[in-house]
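Listed here are the chains, written in short residue letters.
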Amino acid sequence: MHDLLQGLWSAMRETADLLGLTVIAAYLGRLLVHVGEVQRGRRRFFSTHLLWELVTAIAIGIVADGIAHQLGLTGPPRTAAIVAIAYLGPRGLEEVIVRLIAVRRS
């Protein structure tokens, strides 16, 4: 019973670590987008947009983690994929998927 609980605890810690890394990596990707918008004068740095980027990072981070897992990526390539996908964001990811589908059909 003790081994079962220890294994469960280890699995929970590993999952929490992965989710934490996923959210941090995704937020870095979204922060790059936010900083670009600030530099273009479209946003102020400290604004509600910064909070919305966190919400977007959580959602897109989960999607990016699933994509990285499906591709079999681990370690730094996984982190890089999450940051890149988060940088693309929902609209950019949709555009990539549409283009991939169009290429496969032709």
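Above: the structure in question.
Keep in mind the model is a prediction, meaning the values are calculated, not measured.

A.B. asks: Summarise a nonpolar patch on the surface; cite the residues concerned and give the values.
C.D. replies: Together, Met 1, Leu 4, Leu 5, Leu 8, Trp 9 and Met 12 give the surface a local cluster of nonpolar side chains, amounting to about 730 Å² of exposed area. Topologically, Met 12 is positioned in helix α1 (residues 2-39). Looking at Met 12, the relative accessible area reads 46%, which means it is partly exposed.

A.B. asks: Describe helix α3 (residues 75-105), and please don't skip the residues or the numbers.
C.D. replies: When the terminal C-alpha atoms of α3 are compared, their 33 Å separation across 31 residues is substantially less than the 45 Å that a helix rising 1.5 Å per residue should span. Largest kink in α3: about 105°, centred on Gly 89, with the proline Pro 90 one to four residues after it.

A.B. asks: I'd love a proper account of the environment of Pro 90, names of residues and values included.
C.D. replies: Take Pro 90: it is sitting in helix α3. For the pair formed by Pro 90 and Ile 60, sequence separation is 30 residues and the distance between their alpha carbons is 6.9 Å. With near-sequence residues (within four places) excluded, Pro 90 lies in contact with Thr 56 and Ile 60.

A.B. asks: Outline the pattern of salt bridges, supporting the account with residue identities and numerical values.
C.D. replies: The full count for this structure, using the stated rule, is 6 salt bridges. As a salt-bridge pair, Glu 53 and Arg 43 come within 3.0 Å of each other at their nearest N and O atoms. With Glu 53 in helix α2 (residues 48-70) and Arg 43 in the loop between α1 and α2, this residue pair connects regions lying 10 residues apart in the sequence. The salt bridge involving Arg 99 is made with Glu 95; its shortest N-O contact spans 3.0 Å. Of this pair, Arg 99 and Glu 95 both sit in helix α3, 4 residues apart, which is roughly one turn of that helix. Judged by its relative accessible area of 56%, Arg 99 is exposed. On the basis of relative accessibility, which here comes to 39%, the residue Glu 95 falls in the partly exposed class.

A.B. asks: Please provide a residue-by-residue account of the environment of Thr 74, values included.
C.D. replies: Assignment of secondary structure puts Thr 74 in the loop between α2 and α3. For Thr 74, a relative accessible area of 58% translates into the label exposed. With 72 residues separating them along the chain, Thr 74 and His 2 place their C-alpha atoms 30 Å apart.

A.B. asks: Give a detailed account of the layout of surface pockets, specifying residues and quantitative values.
C.D. replies: Of the pockets and cavities examined, the largest pocket occupies roughly 340 Å³. In terms of lining residues, the largest pocket is bounded by 15 residues, among which Arg 30, Val 33, Tyr 87, Leu 88 and Arg 91 are the most central. Only α1, α2 and α3 provide two or more residues apiece to the lining of the largest pocket. Of the residues forming the lining of the largest pocket, the biggest block, 6 residues, is contributed by α3. A breakdown of the residues in the lining of the largest pocket according to their chemical character gives 5 nonpolar, 4 polar and 6 charged.

Parameters and conventions
Residues numbered from 1 in each chain as written. Predicted model: local features only at pLDDT ≥ 70, side-chain atom pairs only at ≥ 80, totals over all residues. Heavy atoms only, no water. Patch = residues over 30% accessible without salt bridge, like charges linked within 9 Å, V, L, I, M, F, W, Y side chains within 5 Å. Areas by Shrake-Rupley, 256 points an atom, 1.4 Å probe, with all protein chains shown as cover. Salt bridge = Lys/Arg side-chain N within 4 Å of Asp/Glu carboxyl O. Helix = DSSP H or I, 4+ residues; strand = E, 2+ residues; numbered from the N terminus. Buried < 20%, exposed > 50% of the residue type's maximum accessible area, 1.4 Å probe, protein only. Expected span 1.5 Å × (residues − 1). Bend = angle between axes of the 7 residues up to and from the residue. Contact = heavy atoms within 4.5 Å. 1 Å grid on protein atoms, 1.4 Å probe; cavity = no way out; pocket = protein on both sides within 12 Å on 5 of 7 lines; lining within 4 Å. Points joined across faces, edges and corners; volume = space filled by probe spheres on them. Nonpolar A, V, L, I, M, F, W, Y, C, P; charged D, E, K, R; others polar.

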